[in-house]
Amino acid sequence: MCGSNDSFVANKHLMQPKELVQLAEEFGSPLYVYDAAKIQSQYNRLTAAFSKVERLRINYAVKALSNVAILQLMKSIGSCLDTVSIQEVQLGLHAGFSPHQIIYTPNGVSFEEIEEAAQLGVQINIDNLSVLEHFGSKHPSVPVCIRINPHVMAGGHSNISVGHIDSKFGISIHQMPHLLRIVENTGMHINGIHMHTGSDILDIEVFLYAAEILFEVATHFKTLDFLDFGSGFKVPYKKDDIETDIEELGKKLSKRFNAFEKQYGRPLTLAFEPGKYLVSESGFFLAKVNVVKQTTSTVFAGIDSGFNHLIRPMLYGSQHFIENISNPKGKERFYSVVGYICETDTFANNRRIAEIAEGDLLCFRNAGAYCFSMASNYNSRYKPAEVLWKDGKGILIRERESFEDLLKNQIRLPD
Ligand SMILES: *Cc1c(COP(=O)(O)O)cnc(C)c1O
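I will try to describe carefully the structure that is included in this document. What you see is a predicted model, and the numbers here were worked out from it, not measured in a lab. (Residues numbered from 1 in each chain as written. Predicted model: local features only at pLDDT ≥ 70, side-chain atom pairs only at ≥ 80, totals over all residues. Heavy atoms only, no water.)

**Considerations on helix α2 (residues 36-49)**
For α2, built from 14 residues, the straight-helix expectation of 20 Å at 1.5 Å per residue is met to within 8% by its first-to-last C-alpha distance of 20 Å. Within the span of α2, buried status applies to Ala 36, Lys 38, Ile 39, Gln 42, Tyr 43, Arg 45, Leu 46 and Ala 49. Taking the backbone nitrogen of Ala 37 as reference, a side-chain oxygen 3.1 Å away marks Asp 35 as the first, capping residue of α2. (Helix = DSSP H or I, 4+ residues; strand = E, 2+ residues; numbered from the N terminus. Expected span 1.5 Å × (residues − 1). Buried < 20%, exposed > 50% of the residue type's maximum accessible area, 1.4 Å probe, protein only. Polar contact = N/O pair within 3.5 Å; in protein donor to acceptor, adjacent residues only side chain to side chain.)

**A word on unusual backbone geometry**
Across the junction of Ser 29 and Pro 30, the peptide omega takes the value -5 degrees, indicating a cis bond. Its place among the elements puts Pro 30 in the loop between α1 (17-27) and β1 (31-35). Of note in this structure, Asp 240 is not a glycine but carries a positive phi near 65 degrees. Within the secondary structure, Asp 240 sits in the loop between β9 (226-228) and α9 (246-264). By relative accessible area, Asp 240 is classed as exposed at 63%. Despite not being glycine, Asn 366 has its phi angle at roughly 55 degrees, a positive value. Within the fold, Asn 366 resides in the loop between β16 (361-364) and β17 (385-390). Since its relative accessible area comes to 1%, Asn 366 is described here as buried.

**Considering the packing of aromatic side chains**
Taken as a whole, this structure holds 17 aromatic pairs when the rule is applied. On the basis of an interplanar angle of 45 degrees and a centroid distance of 6.2 Å, the ring pair of Phe 229 and Phe 272 is categorised as tilted. Placement of the pair is Phe 229 in the loop between β9 and α9 and Phe 272 in strand β10 (residues 269-272), with a sequence separation of 43 residues. Judged by relative accessible area, Phe 272 falls into the buried class, the value being 0%. Taken together, Phe 50, Phe 207, Phe 215, Phe 229, Phe 233, Phe 257, Phe 260, Tyr 264, Phe 272 and Tyr 277 form an aromatic cluster joined through their ring pairs. (Phe/Tyr/Trp six-rings, centres within 6.5 Å; stacked < 30°, edge-to-face > 60°.)

**Points about the pairing of strand β11 (residues 283-294)**
Every other side chain in a regular strand lies on the same face of the sheet, so the side chains alternate between the two faces. Of the pairings in the sheet, the one linking β1 to β11 comprises four bridges and is antiparallel in character. Within the sheet, the bridge partner assigned to Tyr 34 lies in β11 and is Gly 283. Summarising the sheet, β11 and strand β12 (residues 299-303) pair through five bridges and their orientation is antiparallel. Residue Val 291 lies in a different strand from β12, and its bridge partner there is Gly 302. (Pairing = 2+ DSSP bridges.)

So this is what it looks like as structure tokens:
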């Protein structure tokens, strides 16, 4: 199989350290760089795995990386969008998507926000019985997708596992009788069934098991147009790392889906909502080493960034592969890579990295998903610039912030 691990070895199709160093020189550091070719190849790999399914729809999960230029790129390669807030819906429309290419999957938002999304004409996905009842009573003619919680334990860290019994996401399959009564009483039109069991799913059998639950739920509805299996594909973080076997999943789920479609007796679209899978490996975060500090027990490399720019290691222990692109062939030593935020701010402990000198550029891999989109201005730092690497050129897609950006919306007291 075409393991995407090849991104960790020299590959002429992927960005090279030299190109990244040049981009940092041109656009400054810290800097986010996204490789358009990698996004395209992930998209192609996913669609190829499901080529036996007649109607396949990929809804890119905007929250992973929401720069408008990235959304435009997604549109150009044929993707649709999965959104979780009205602002993401608006970004999608601004990027040129039409409403019917956008699914809106909120959790715990106000009823007014759901109505606003419906007004904009996007596909509504409801994950709460009381909201369903309210919405169905008020807007019975608006087609609605239902988010089911199949109660399948999946996913890595507990913060990203969302399908278990006590999860706040989805309508429990144990509430089916109540759900069906609401649909019948309101006369509302259910056009899709959805699940999203969490991130970093390794065992495709678990995924297939959850799919069977979705099929079972689907048989209760006669007017479905699509089944949305969410996402949660695990991507590799280092050479030889484990990842979801997309080809195997494609083979098995396609076969099962096609059989179900025949039994269902109506054309159905198979949908996915990948975030990480499409953009994680496309991203590189570049930061400069300000200080190398030797203590009694370790060598620290302190960079010109912190968890304000890349919070995943501090938030849920993500292990981003780090390389010294200023000295890629240097002798490896052990380092703790830390940020400049004035509290614990550790990117990596005890990592083997090619010898680091002050001023060197470090490159963090897998910096496409949930990195810039989670960045903040903590410590009153500017958010980094973002660059899209496309056709051998670096295109600036977000300017580095300035002091004016920090002050924007702040109101000074009268002098
Ligand atoms: C976050 C999210 C996704 C994307 O998950 P990934 O692990 O990044 O692929 C898909 N669907 C929904 C509803 C989400 O909330």
